[in-house]
Amino acid sequence: MSEVMMNGSNNNHSTLAKNHKEMHQRCLNPYRSKVTVVLGAQWGDEGKGKVVDMLATEADVVCRCQGGNNAGHTVVVNGKDFDFHLLPSGIINEKCTSIIGNGVVIHLPGLFEELAKNEAKGLKDWEPRLVISNRAHLVFDLHQHVDGLQEAEKGGKSLGTTKKGIGPCYSSKATRNGIRVSDLLGDFKVFSEKFESLVNMYKRLFPNFEVDVASELARYRDYAERLRPMVRDTVSMVHGSLKEGKSVLVEGANAAMLDIDFGTYPYVTSSNCSIGGVLTGLGLPPQTIGEVIGVVKAYTTRVGDGPFPTELHDEIGSLLQQRGGEIGVTTKRVRRCGWLDLALLRYTGMVNGYTSICLTKLDILDTLKEIKVAVSYNLRGEKIDYFPGSITDLAQVEVNYITMPGWLKSTETVRDFKELPPEAQDYIRLIENDLGVPVKWIGVGKGRESIINVED
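Would you explain the overall build of the protein chain in this entry?
Of the regular secondary structure elements, the protein chain holds 14 helices and 20 strands. A compact globule built from 456 residues would reach a C-alpha radius of gyration of about 23 Å, and the protein chain, at 24 Å, matches this within 12%. Taking the principal axes of its C-alpha atoms as reference, the protein chain extends roughly 85 × 75 × 50 Å. Counting over 456 residues, the protein chain shows a buried share of 53%. Sequence separation of at least 24 residues holds for 76% of the intrachain contacts in the protein chain that already meet a minimum separation of 6. The average position of the 53 basic charges and that of the 57 acidic charges among the side chains of the protein chain differ by 3 Å.

What exactly am I supposed to notice about the side chain of Thr-310 here?
Turning to its location among the elements, Thr-310 is positioned in the loop between strand 12 (300-302) and helix 11 (315-323). Its relative accessible area of 0% is what places Thr-310 among the buried residues. A polar contact is formed between the side chain of Thr-310 and the backbone oxygen of Trp-339, at a distance of 2.7 Å. If near-sequence neighbours (up to four positions away) are discounted, Thr-310 is found in contact with Thr-300, Gly-338, Trp-339, Asp-341, Ala-374, Val-399 and Tyr-401.

Is there a simple way to think about helix 7 (residues 188-205) in this case?
Side chains that are three or four residues apart share a direction in an α-helix, a result of its 3.6 residues per turn. An ideal rise of 1.5 Å per residue puts 26 Å on 18 residues; helix 7 measures up with 26 Å between its terminal C-alpha atoms. Those residues of helix 7 that fall on the buried side of the exposure criterion are Phe-188, Phe-191, Ser-192, Phe-195, Leu-198, Val-199, Met-201 and Tyr-202. For helix 7, the capping residue at the N-terminal end is Asp-187, with a side-chain oxygen 2.9 Å from the backbone nitrogen of Lys-189.

Just to check I follow, could you spell out helix 12 (residues 342-352) for this structure?
Looking only at helix 12, the buried set comprises Leu-342, Ala-343, Leu-344, Leu-345, Tyr-347, Thr-348 and Asn-352. Its side-chain oxygen placed 3.1 Å from the backbone nitrogen of Ala-343, Asp-341 serves as the N-cap of helix 12. Two residues or fewer past helix 12, Gly-353 is found with a positive phi of approximately 65°.

Just to check I follow, could you spell out the pairing of strand 3 (residues 73-77) for this structure?
As a general feature of sheets, a regular strand has side chains that alternate between the two faces. Strand 3 sits mainly inside the fold: four of its five residues count as buried. Summarising the sheet, strand 3 and strand 4 (residues 80-84) pair through five bridges and their orientation is antiparallel. Residue pairing for strand 4: His-73 is matched across the bridge by Phe-84.

In this structure, what is going on with unusual backbone geometry? I would like to understand it.
Here the amide bond leading from Tyr-265 into Pro-266 is cis, since omega sits at 10°, within 30 degrees of zero. Here Pro-266 shows up in the loop between strand 10 (248-251) and helix 10 (275-282). Positive phi is not limited to glycine here, since Asn-254 has a value of about 60°. Locating Asn-254 in the fold gives a position in the loop between strand 10 and helix 10. We classify Asn-254 as buried; its relative accessible area is 10%. If you check the backbone angles, Arg-380 has positive phi at about 50° while not being a glycine. By the element assignment, Arg-380 lies in the loop between strand 16 (370-379) and strand 17 (382-384).

Even after reading the chapter, I still don't get the pattern of salt bridges, so can you show me in this structure?
A side chain of one charge can pair with a side chain of the opposite charge if their charged atoms are brought near each other. This model, assessed by the stated rule, comprises 17 salt bridges. The closest approach of N and O atoms between Arg-335 and Asp-45, which form a salt bridge, is 3.2 Å. Here Arg-335, found in the loop between helix 11 and strand 13 (336-338), pairs with Asp-45, found in the loop between strand 1 (35-40) and helix 2 (48-56); they are 290 residues apart in sequence, far enough to count as distant. The class of Arg-335 is buried, set by a relative accessible area of 8%. A relative accessible area of 24% places Asp-45 in the partly exposed class.

Cut-off values and rules
Residues numbered from 1 in each chain as written. Predicted model: local features only at pLDDT ≥ 70, side-chain atom pairs only at ≥ 80, totals over all residues. Heavy atoms only, no water. Helix = DSSP H or I, 4+ residues; strand = E, 2+ residues; numbered from the N terminus. Rg over C-alpha atoms; globule rule 2.2 N^0.38 Å. Buried < 20%, exposed > 50% of the residue type's maximum accessible area, 1.4 Å probe, protein only. Contact = heavy atoms within 4.5 Å. Lys, Arg positive; Asp, Glu negative; His and termini not counted. Charge placed at Lys NZ, Arg CZ, Asp CG, Glu CD. Polar contact = N/O pair within 3.5 Å; in protein donor to acceptor, adjacent residues only side chain to side chain. Expected span 1.5 Å × (residues − 1). Pairing = 2+ DSSP bridges. Salt bridge = Lys/Arg side-chain N within 4 Å of Asp/Glu carboxyl O.

On their own, these measurements won't tell you what the molecule is for.
Okay, here's the thing in structure tokens:
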């Protein structure tokens, strides 16, 4: 009897050891595919939408992970401009599922207006392909009103927000009086109570703050039924897609230098638009991340206030603005323009871990005889090897430039890296060598066809 038991124990021990080893391997790599992430590497407006549109032609799922309709991505297809603010740019691909994740804040009137505008331009059959997280928070008109009031209170020290209600909505989320999509689709009496509580809170904060609660509730009762077919638990959905080996693409909104933790605070957005926001905004663990594509404009722009070390206030800055069509998709504000800043890109690369770069708008530099590139900063007379966390310090840095010859030739029709002018090739190789990250794609025009694949 004891011998049989001993043999059984050995067999059981062997099985458990084998199971432990297999479990360890599964935990190291539990997914058949990994996520590809597209992130803005500067202050936004780098051309992320076009990159996502290009990659989405091969993707099964495209996700938004953070931000709201304060972001604006333009996609040009067959000569038509599609402007997306809440919708993932991949919705153009009729074989692709588009997910608005839990980290996004959604203004429903804006979402339905955006869908209608893009339908008029040719977007079709989107209904079964658009999925919205039940955990996403709702931006109400009252959040937008509060956004304007808060900006007005700051007077001359305003932050230049889009007044889309994004900050107040994320504030509601953080103070735990926000309202989620699941609240809207649940017991409407409970939703109504939460909405009235939110209104009453703002009434206490702002004198003469008024909201027609009955009218808003009636409107949102209608929105609930329109929204209901699109809503799912997107966390399990994305994980299921990865385990099935599907191609999952994540479209970051805004950009690294607008990240609430790592950007030029307080001149930032209200979400984490670096790699960390991808994880929390979709419910992903770090081991699901594969390629991280940093989208870099061949020069630098930013919208609104805040320090901008390489900003140009001369005719070259005006030239970049005019040739680049540097007007915000969402705000319609003219973008400030300056030279490419490698010190800034090294910093955002450190935070995000870029595995490759897509360099956009190279063609905008075609007419320049000389091109400057920022390579480092001096602060109070000494060279620094870090990116200042204080906007006071950043506003005081002296920029160290190198000057490169321009190419004075059009690159708009080039589709092969070897056909670029030698000076343009040198410009790209400088960026690669300084950042230690390969430039994989180069944009030389508006359309999806005007991208050079360096690896071809």
